[in-house]
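# Coordinate analysis (summary)
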Amino acid sequence: SEMCIRDRDRTHHFPVDILREAAELGFATIYTSPDFGGCGLGRLEASLIFEALATGCASTSAYLSIHNMCAWMIDSFGTKEQKEKYLPRMANLEIFSSYCLTEPNSGSDAAGMKTFAKKDGDYYIINGSKTFISGGSFSDVYILMCLTGEKEISTIIVDKNTPCLLYTSPSPRDRQKSRMPSSA
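Here goes a summary of the coordinates provided. The model shown is predicted, which means the values in this text are computed figures rather than measured ones.

### What to know about the overall build of the chain
- Per the secondary structure count, the chain includes six helices and five strands.
- Each helix (α) and strand (β) of the chain, taken in turn from the N terminus, gives the series α-α-α-α-α-β-β-β-β-β-α.
- Burial status across the chain gives 42% buried among its 184 residues.
- Long-range contacts, defined as pairs at least 24 residues apart, comprise 62% of the intrachain contacts of the chain with a sequence gap of at least 6.
- Of the accessible surface of the chain, which amounts to about 10500 Å², a share of 54% is contributed by carbon and sulfur atoms.

### So, the packing of helix α4 (residues 58-77) against helix α5 (residues 80-91)
- Remark: α4 packs on α5, axes separated minimally by 9 Å, with the N-to-C direction vectors making an angle of 155 degrees. Our classification of the angle between α4 and α5 gives roughly antiparallel. Handedness of the α4/α5 crossing: left-handed. Contacts from His67, Cys70, Ala71, Ile74 and Asp75 of α4 reach α5 at Gln82, Lys83, Tyr86, Leu87 and Met90.
- Residues that form the contact of α4 with α5 fall into these classes: six nonpolar, two polar and two charged.

### Description of the environment of alanine 46
- Here alanine 46 is to be found in helix α3 (residues 43-54).
- Along the chain, alanine 46 and tyrosine 31 lie 15 residues apart, while their C-alpha atoms are 7.0 Å from each other.

### Quick notes on α5
- The first and last C-alpha atoms of α5 sit 16 Å apart over twelve residues, in line with the 16 Å expected at 1.5 Å per residue.
- Of the positions making up α5, those classed as buried are Lys83, Tyr86, Leu87, Met90 and Ala91. Across the axial projection of α5, the buried residues extend over an arc of 125 degrees, all falling on one side.
- Those residues of α5 that are buried are in contact with α2 (16-24), α4, β1 (97-100), β4 (141-147) and β5 (153-159).
- Count one or two residues on from α5 and you reach leucine 93, which has phi positive near 60 degrees.

### What to know about unusual backbone geometry
- In this model, leucine 93 sits at a positive phi of 60 degrees, which is unusual for a non-glycine residue.
- Mapped onto the elements, leucine 93 comes out in the loop between α5 and β1.
- Even without glycine at this site, cysteine 164 takes up a positive phi of about 70 degrees.
- Classification of cysteine 164 as exposed rests on a relative accessible area of 80%.

### Considerations on the packing of aromatic side chains
- Applying the stated rule across the entire model yields five aromatic pairs.
- Between phenylalanine 14 and tyrosine 63, the aromatic rings sit 5.0 Å apart at their centres with planes inclined by 80 degrees, giving edge-to-face as the arrangement. Residue phenylalanine 14 is found in the loop between α1 (2-11) and α2, and its partner tyrosine 63 is found in helix α4; the two are separated by 49 residues along the sequence.
- Judged by its relative accessible area of 1%, tyrosine 63 is buried.
- Aromatic pair tryptophan 72 and phenylalanine 77: ring centres 5.6 Å apart, planes at 90 degrees, arrangement edge-to-face.
- By relative accessible area, tryptophan 72 is classed as partly exposed at 27%.
- Linked through ring pairs, Phe14, Tyr63, Phe96 and Phe138 together constitute an aromatic cluster.
- The aromatic ring of tryptophan 72 is capped on one face by arginine 43, whose charged end is 4.7 Å from the ring centroid.

Analysis parameters
- Residues numbered from 1 in each chain as written.
- Predicted model: local features only at pLDDT ≥ 70, side-chain atom pairs only at ≥ 80, totals over all residues.
- Heavy atoms only, no water.
- Helix = DSSP H or I, 4+ residues; strand = E, 2+ residues; numbered from the N terminus.
- Buried < 20%, exposed > 50% of the residue type's maximum accessible area, 1.4 Å probe, protein only.
- Contact = heavy atoms within 4.5 Å.
- Areas by Shrake-Rupley, 256 points an atom, 1.4 Å probe, with all protein chains shown as cover.
- Axes fitted to C-alpha atoms, helices over the stretch in contact; angles between N-to-C directions.
- Parallel < 35°, antiparallel > 145°, perpendicular 65-115°, else oblique.
- Left-handed = near helix turned anticlockwise from the far one by under 90°.
- Nonpolar A, V, L, I, M, F, W, Y, C, P; charged D, E, K, R; others polar.
- Expected span 1.5 Å × (residues − 1).
- Arc of directions from axis to C-beta.
- Phe/Tyr/Trp six-rings, centres within 6.5 Å; stacked < 30°, edge-to-face > 60°.
- Lys NZ or Arg CZ within 6 Å of the ring centre and 35° of its normal.

Right, dumping it as structure tokens:
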């Protein structure tokens, strides 16, 4: 009901149960390959679905669009191992995902990004800050945009339990700017 949506927005409640019900209908991986549990539909179909969902709750629809984009990025550019590890669990929302581009001093301007990753053996050491990560404190995996060279932007999959990953809560002022629940 409308009152339930207002209550969720006011309390910044992340509707895990509702999102998992949406996943049962295929709404978590709309334009991801069926090979890993996706629906294999196009962007037009996804837009129609998100528009219809937004008539009920815009923030829930917005999160699903972000999660779909994360799944699509892994499906389109990930290794076979990454696809097998993440996509089936993203399809049923066993795991939640967030997209991490926006930074405190450059906003969503990728050209002004400061977060930097340096290869160290089989891993990357990442230094920087991200902000306004929709669903961030509930996500299990983050699709992180960062510099890996002077002007080279890369995407790195970061698991929630990565050592030294620090989460902070949005300030009350930032919460008033957006109805999207929970940032990391």
